[in-house]
Amino acid sequence: MAQKGVQLDRETISCPICLDLLKDPVATPCGHSYCMNCIQNLWDGEDEKRIHSCPQCRQTFTQRPVLVKNTMLAALVEELKKTGLQAAPDDHCYAGPEDVACDFCTGRKCKALKSCLVCLVSYCEKHLQPHYGVAQFQKHKLVEPSKKLQENICSRHDEVMKMFCRTDQQCICYLCSVDEHKGHDTVSAAAERTERQRELEMSRQNIQQKIQDREKDVKELQQEVEAINGSADKAVEDSEKIFTELIRLVEKRRSDVKQQVRSQQQTEVSRVKELQEKLEQEITELKRKDADLKKLSHTEDHNQFLHNYPSLSRLSQSIDSSSINIRPLRYFEDVTAAVSELRDKLHDVLRDQWTNISLTDTEVHVSLSGPEPEPKTRAEFLEYSCELTLDPNTAHMKLLLSEGNRKVTFMRRYQSYSSHPDRFTVYYQVLSRESLTGRCYWEVEWRGAGVGVAVAYKNISRAGRLLKCSFGSNDKSWKLICYANSNSSYFYYNNVHTSISGPQSSRVGVYLDHSAGTLSFYSVSETMTLLHRVQTTFTQPLYAGLQPLDYRVTAELCKLR
């Protein structure tokens, strides 16, 4: 019974975390007791959460409690130790497969409490006591239990490795320093640890600075996300209102047209019916007159015939046939044509202005490793290939488009294009229908005297003989000119040209990285040869441009997929 009472006392004064007797016992505000190191280590891991809790009752503390050693409980633990309570440790004090075992224990080994780097032995709490009480042991270096103590022994000389060879970057023993490592740069392991510790602290500082920088970046990106979401929500809301107003306006115009047609229909029908009634009355009158004349023609009395003839032979005023103008059907066909023309114009406006409704300016480009490198091989370029077509509304009147609007030919005669505000009227140029943003690649196959391969903003001027209309002669376009039978080409921007030497090819590749501000022109053959690269800042979506330089010159946007 006495032994059972002692066992109960042992359970009462054991730490719920390490399950061993309390060491430097402390109590939490909720009343539960723990080893000071156990509860502090546990709360150290919860510091990031900023909320600490009791492992037993789970009560939380907003501020980390200040713990003070419970001297009365500590004295009780020490008293129980003197009674020999440690002579029969509980099962949880014995070493398991994953634990470091005490090297001094015989039979069933206890868990090691510390490992000694001088003795190269691991000790349980009982066998560790000499290191605390014997003066010769107190200078030994005690560390957390480790199974790798033998790695500190030199396999060649069976000595503790207390030195470090900087020449070979390895730990050695003293005998190694005077043997195979003689003449090498050697220091004590403690000195090397001090140097490496200094480097480690600098590395930690760098890492912590990077963490702060990344946290700042994350915060800024989160703000960017919120700004993008807010801007997008507002854009959707505003566009919904605008489109609702536009639909309402179209509905009103539809109602007006319907009302006007019905009103005109009623007017015209009334006019026709009124004329129809007059004609029917005239027909009735004429039939009656014809019957009277027929009756008079059968009168046998000559005097009676001559007496009645003057009054019957006179006809009443007849309706003039030229006043009968049947035109309502043609009139309403004109209305249909006018509405169809309005529809076509609205379609053109929506199509041509759609590129202005662009989210390009709101793109967020994030790269933790810097800008992506430009492709090297043609296969890599083709990963960014895009299908482009030429816009007939921009083509000069002497440019013929064919092959599904991918090919342009310089003709001597004017083509039958309709008038359009986007058409180039002086320079023989044409733009693509599709806008270019992000990373894009396309190729141009050309034949003839020479060609200009360009990119331009949508708002480049279209009319007049000023240089602001020509590709490469202003700050809204960039152009590479290639000539046949020449080893030189020329690059134009803002009316400044640069002579370029290099292999000429009938195929030119163009690579655009809009966000990075990179525009590159390549001569494409068996290899990709860079002709010219531009580094700038693009402020709008770009459009591909072609400029045949002479009659019969052809240039085609190639199909790459």
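Worth saying up front: this structure is predicted, and the values here are computed from it rather than measured. (Residues numbered from 1 in each chain as written. Predicted model: local features only at pLDDT ≥ 70, side-chain atom pairs only at ≥ 80, totals over all residues. Heavy atoms only, no water.)

**What to know about the overall build of the protein chain**
On a plain count of helices and strands, the protein chain comes out with 9 helices and 23 strands. A buried classification covers 30% of the 561 residues belonging to the protein chain. Within the protein chain, contacts between residues separated by at least 24 positions form 55% of all contacts whose residues are at least 6 apart in sequence. Accessible surface, the protein chain: about 36,900 Å² in total, of which carbon and sulfur atoms supply 52%. (Helix = DSSP H or I, 4+ residues; strand = E, 2+ residues; numbered from the N terminus. Buried < 20%, exposed > 50% of the residue type's maximum accessible area, 1.4 Å probe, protein only. Contact = heavy atoms within 4.5 Å. Areas by Shrake-Rupley, 256 points an atom, 1.4 Å probe, with all protein chains shown as cover.)

**Remarks on the packing of aromatic side chains**
Taken as a whole and judged by the stated rule, the model has 15 aromatic pairs. Between the aromatic rings of phenylalanine 305 and tyrosine 309, the centroid separation amounts to 5.9 Å while the plane-to-plane angle is 20°, which identifies the pairing as stacked. Of this pair, phenylalanine 305 and tyrosine 309 both sit in helix α7 (residues 302-313), 4 residues apart, which is roughly one turn of that helix. For phenylalanine 305, a relative accessible area of 29% puts it in the partly exposed group. Aromatic rings pair up to connect Phe381, Tyr384, Tyr441, Tyr511 and Tyr522 into one cluster. In this arrangement the basic side chain of arginine 412 is found over the ring face of tyrosine 551, its NZ or CZ atom lying 4.3 Å from the centre. (Phe/Tyr/Trp six-rings, centres within 6.5 Å; stacked < 30°, edge-to-face > 60°. Lys NZ or Arg CZ within 6 Å of the ring centre and 35° of its normal.)

**Description of the environment of tyrosine 551**
Take tyrosine 551: it is sitting in the loop between β22 (542-548) and β23 (554-557). Between the C-alpha atom of tyrosine 551 and that of glycine 448, which follows or precedes it by 103 residues, the distance is 8.3 Å. With sequence-adjacent residues up to four places away left out, tyrosine 551 is seen in contact with Lys398, Phe410, Met411 and Arg412.

**Topic: a nonpolar patch on the surface**
A grouping of Phe243, Leu246, Ile247, Leu249, Val250, Leu346 and Leu350 is seen on the molecular surface, where their side chains present a nonpolar patch of about 580 Å² in accessible area. Put simply, the parts of the chain that give the nonpolar patch at least two residues each are α6 (189-297) and α8 (328-353). Here the element with the most residues in the nonpolar patch is α6; it accounts for 5 residues. Assessed through its relative accessible area of 42%, valine 250 is described here as partly exposed. (Patch = residues over 30% accessible without salt bridge, like charges linked within 9 Å, V, L, I, M, F, W, Y side chains within 5 Å. Salt bridge = Lys/Arg side-chain N within 4 Å of Asp/Glu carboxyl O.)

**Re the sheet that holds strand β11 (residues 399-402)**
On the basis of which strands lie adjacent, the open sheet formed by 7 strands has the order β11-β12-β23-β14-β19-β20-β21 and antiparallel pairing. Sheet topology places β11 and β21 (528-535) at the edges, where each strand pairs with a single neighbour. Across the sheet, the mean angle separating the axes of adjacent strands is 20° when strand polarity is ignored. Note that strand β12 (residues 407-410) and β23 share 3 bridges and pair antiparallel. If you follow threonine 409 over to β23, its bridge partner there is threonine 554. (Pairing = 2+ DSSP bridges. Axes fitted to C-alpha atoms, helices over the stretch in contact; angles between N-to-C directions.)

**Comments concerning the nonpolar core**
Counting residues in hydrophobic clusters, the biggest one holds 36 residues, and the most contacted among them are Leu436, Trp442, Trp478 and Leu519. Counting 17 residues, the second-largest nonpolar core is a separate cluster that includes Leu22, Phe61, Leu67 and Leu73. (Core = buried A, V, L, I, M, F, W, Y, C linked by side-chain atoms within 4.5 Å.)

**Notes on the packing of α6 against α7**
The N-to-C vectors of α6 and α7 enclose an angle of 165°; their axes lie 11 Å apart at closest approach. Compared by their axis directions, α6 and α7 come out roughly antiparallel. Here the hand of the crossing between α6 and α7 comes out left-handed. On α7, the residues that touch Lys289, Asp292, Leu293, Leu296 and Ser297 of α6 are Phe305, Asn308, Tyr309, Ser311, Leu312 and Ser313. (Parallel < 35°, antiparallel > 145°, perpendicular 65-115°, else oblique. Left-handed = near helix turned anticlockwise from the far one by under 90°.)

**What about α7?**
The end-to-end C-alpha distance of α7, which contains 12 residues, comes to 16 Å, matching closely the 16 Å that a straight helix rising 1.5 Å per residue would cover. For α7, the N-terminal cap is aspartate 301; the gap from its side-chain oxygen to the backbone nitrogen of asparagine 303 is 3.0 Å. (Expected span 1.5 Å × (residues − 1). Polar contact = N/O pair within 3.5 Å; in protein donor to acceptor, adjacent residues only side chain to side chain.)

**Focus: the pattern of salt bridges**
Throughout the structure, instances matching the rule amount to 25 salt bridges. Between aspartate 256 and arginine 253 there is a salt bridge, with its nearest N and O atoms 3.6 Å apart. Note that aspartate 256 and arginine 253 are positioned in helix α6 at a spacing of 3 residues, about one turn of the helix. Residue class for arginine 253 comes out partly exposed when judged on its relative accessible area of 44%. One network of salt bridges, with partners in common, ties together Arg378, Glu443, Glu445, Arg447 and Arg507.

**Brief notes about the pairing of β21**
Pairing analysis gives 7 bridges linking strand β20 (residues 518-524) to β21, with the strands arranged antiparallel. Bridge pairing in β21 places serine 523 opposite threonine 529.

**Structural notes on helix α4 (residues 125-133)**
By the burial criterion, the buried members of α4 are Glu125, Leu128 and His131. One side of α4 carries all its buried residues, which in axial view fall inside an arc of 90°. Pointing more than 90 degrees away from the buried face of α4 are the exposed residues Lys126 and Gly133. Along its buried surface, α4 packs onto α3 (71-82), β5 (114-116), β6 (121-123) and β7 (142-143). (Arc of directions from axis to C-beta.)

**Describing the sheet that holds strand β8 (residues 163-165)**
Taken together, the 3 strands give an open sheet; going across it, the order is β9-β8-β10, and neighbouring strands pair in antiparallel fashion. Each edge of the open sheet carries a strand with a single partner, namely β9 (170-172) and β10 (186-188). On average, adjacent strands in this sheet sit at an angle of 35° to one another, irrespective of strand direction. With 3 bridges joining them, β8 and β9 adopt antiparallel strand pairing. Looking at β9, one finds that phenylalanine 164 is bridged to cysteine 171. Contacting β8 and β10, α6 runs over the sheet at an angle of about 90° to β10.

**Quick notes on the environment of cysteine 119**
By the element assignment, cysteine 119 lies in the loop between β5 and β6. A C-alpha to C-alpha distance of 7.8 Å links cysteine 119 and histidine 140, two positions 21 residues apart in sequence. When neighbours within four sequence positions are excluded, cysteine 119 is seen to be in contact with His131 and His140.

Taken by themselves, the reported measurements are silent on function.
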